[in-house]
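# Summary of the model geometry
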Amino acid sequence: MENLAMHISNGIIDGPVAAIFAVIALAALALAVRRARQDLDDRLAPMAGLVAAFIFAVQMLNFPIFTAGVSGHLLGGALAAMLVGPWVGALCIAVVLVVQALVFGDGGVAMLGLSITNMGVIAVGVAYLLIALLLRVLPRTPAGLAVSAFVAALVSVVVAAMGFVLQYWLGGTADLGGNLAGLAGTMAVSHLFIGIGEGLITAATVVTVAKVRPDLVYALRALKPVAPAAVAPLGGVR
């Protein structure tokens, strides 16, 4: 079950539930396209391409989770939300998932709606909500930015995994013998460790970008501090 919340294979979830989530994903992406037009500018457009390429590359690399007996990789929701915002970020994740499914066979094409909902909608949305909250109360220093990125990545990975549990409850094709709680526990624990790895990667990446070009970090531009005079801005971003 270790990769199911990330790239769901064909046949794991039944057709009707997959179709419902395909509609949900398409509706969310249509909204993202509409809202992304307001955000795209000379800085965000090339950054979106770089973010998508980085997430695509890192998702190809697995890291072992010895305690849980599984392996994991970067989902990218928090990284995309932090660097290019929730709307463009959701589109970046969706593009990555479509290419991986069509070109590399990573995840079933028929299950794309499920995977995009988990990784592109739930993970990005949860991550950005947490980032918006944390950056309003934490100082805008490298440490504050790192904590925000780490927490957002960790929580978004676990919540995305629970999204899969919900989908499996609605239309899973294998009989768990009524042990849905066991599936939820396994997914939560394994993705907690995966989330720690993702949090470290996301925090390191975001802080590195912010130190060099803070103007390229969407969250620092879009989210205004509650009391600008009371926080230390990162790299001159106010």
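In this text, all values refer to a predicted model and were calculated from it rather than measured experimentally.

### As for the nonpolar core
- Core analysis: the largest hydrophobic core is formed by 53 residues, its most contacted members being Met82, Leu83, Val84, Ile131 and Leu145.
- Broken down by secondary-structure element, the contributors of at least two residues to this core are helix H1 (15–39), helix H2 (44–59), helix H3 (77–84), helix H4 (86–104), helix H5 (112–137), helix H6 (142–171), helix H7 (180–212) and helix H8 (218–222).
- With 10 residues, the top contributor of residues to this core is H5.
- Ranked by size, the runner-up nonpolar core spans 14 residues in total, among them Ile13, Ala18, Phe21 and Val165.

### Describing the packing of aromatic side chains
- What the rule picks out here adds up to three aromatic pairs.
- Plain terms: the ring middles of Phe56 and Phe104 are 5.6 Å apart, the flat faces sit at 50 degrees to each other, and that makes the pair tilted. Residue Phe56 is found in helix H2, and its partner Phe104 is found in helix H4; the two are separated by 48 residues along the sequence.
- For Phe56, a relative accessible area of 21% corresponds to the partly exposed category.
- Judged by its relative accessible area of 47%, Phe104 is partly exposed.
- Ring centres of Phe164 and Tyr168 lie 5.7 Å apart, and the angle between their planes is 50 degrees; this geometry places the pair in the tilted category. Taken together, the positions of Phe164 and Tyr168, both in helix H6 and four residues apart, correspond to about one turn of that helix.
- The exposure class of Phe164 is buried, given its relative accessible area of 0%.

### Some words on the packing of H3 against H5
- Interaxial distance between H3 and H5 falls to 8 Å at its minimum, and their mutual angle equals 55 degrees. The angle between H3 and H5 places the two elements in the oblique class. Judged by the sense of rotation from one axis to the other, the crossing of H3 with H5 is right-handed. Contacts between H3 and H5 involve Gly77, Ala78, Ala81 and Met82 on the former and, on the latter, Ala123, Val124, Ala127, Tyr128, Ile131 and Leu135.
- Residues that form the contact of H3 with H5 fall into these classes: nine nonpolar, one polar and no charged.

### Concerning the confidence of the model for the chain
- Summing up the model confidence of the chain, the mean pLDDT is 86 and the portion of residues at 70 or higher is 87%.
- Contacts for the low-pLDDT stretch residues 1–5, under 50 throughout, to residues beyond four places or in other chains number 16 contacts.

### Focus on the packing of H2 against H4
- Contact pair H2 / H4: the axes reach a minimum separation of 9 Å and the direction vectors enclose 45 degrees. By the criterion of interaxial angle, the relationship of H2 to H4 is oblique. In this structure, the crossing between H2 and H4 has a hand that is right-handed. Residues Leu44, Ala48, Ala52, Ile55, Phe56 and Gln59 of H2 touch H4, and the partners they reach there are Val88, Cys92, Ile93, Val96, Val99, Gln100 and Phe104.

Calculation criteria
All chains use their own residue numbering, which begins from 1 and follows the written sequence. Given that this is a predicted model, residues contribute local features only at a pLDDT of at least 70 and side-chain atom pairs are listed and counted only at 80 or more, while totals for whole chains, interfaces and linings are drawn from all residues. Calculation of side-chain values draws on the structure's entire complement of heavy atoms; hydrogens and water are dropped beforehand. In plain words, nonpolar cores are sets of buried Ala, Val, Leu, Ile, Met, Phe, Trp, Tyr and Cys residues tied together by side-chain atoms within 4.5 Å. In this scheme, a residue with accessible area under 20% of its type's maximum is buried, one over 50% is exposed, and one in between is partly exposed, where area comes from a 1.4 Å probe on protein chains only. Under the DSSP-based scheme used, a helix requires at least four consecutive residues in state H or I and a strand at least two consecutive residues in state E, with every element numbered from the N terminus. Each pair of aromatic rings taken from Phe, Tyr and Trp, with Trp reduced to its six-membered ring, is defined by centres within 6.5 Å and is described as stacked if the planes are under 30 degrees apart, edge-to-face if over 60, and tilted in the remaining cases. Interaxial angle, 0 to 180 degrees, is taken between N-to-C directions of lines fitted to C-alpha atoms, where a helix line uses only the stretch in contact. Any angle between 65 and 115 degrees counts as roughly perpendicular, while under 35 counts as roughly parallel, over 145 as roughly antiparallel, and the rest as oblique. Throughout, a crossing is termed right-handed when the near helix is turned clockwise from the far one, and left-handed when it is turned anticlockwise from it by less than a right angle. Any two residues whose heavy atoms approach within 4.5 Å at even a single point are treated as in contact. Throughout this entry, Asp, Glu, Lys and Arg are counted as charged residues, while Ala, Val, Leu, Ile, Met, Phe, Trp, Tyr, Cys and Pro are counted as nonpolar. The remaining residues, Gly among them, count as polar. On a scale of 0 to 100, pLDDT captures the predictor's confidence in every residue.

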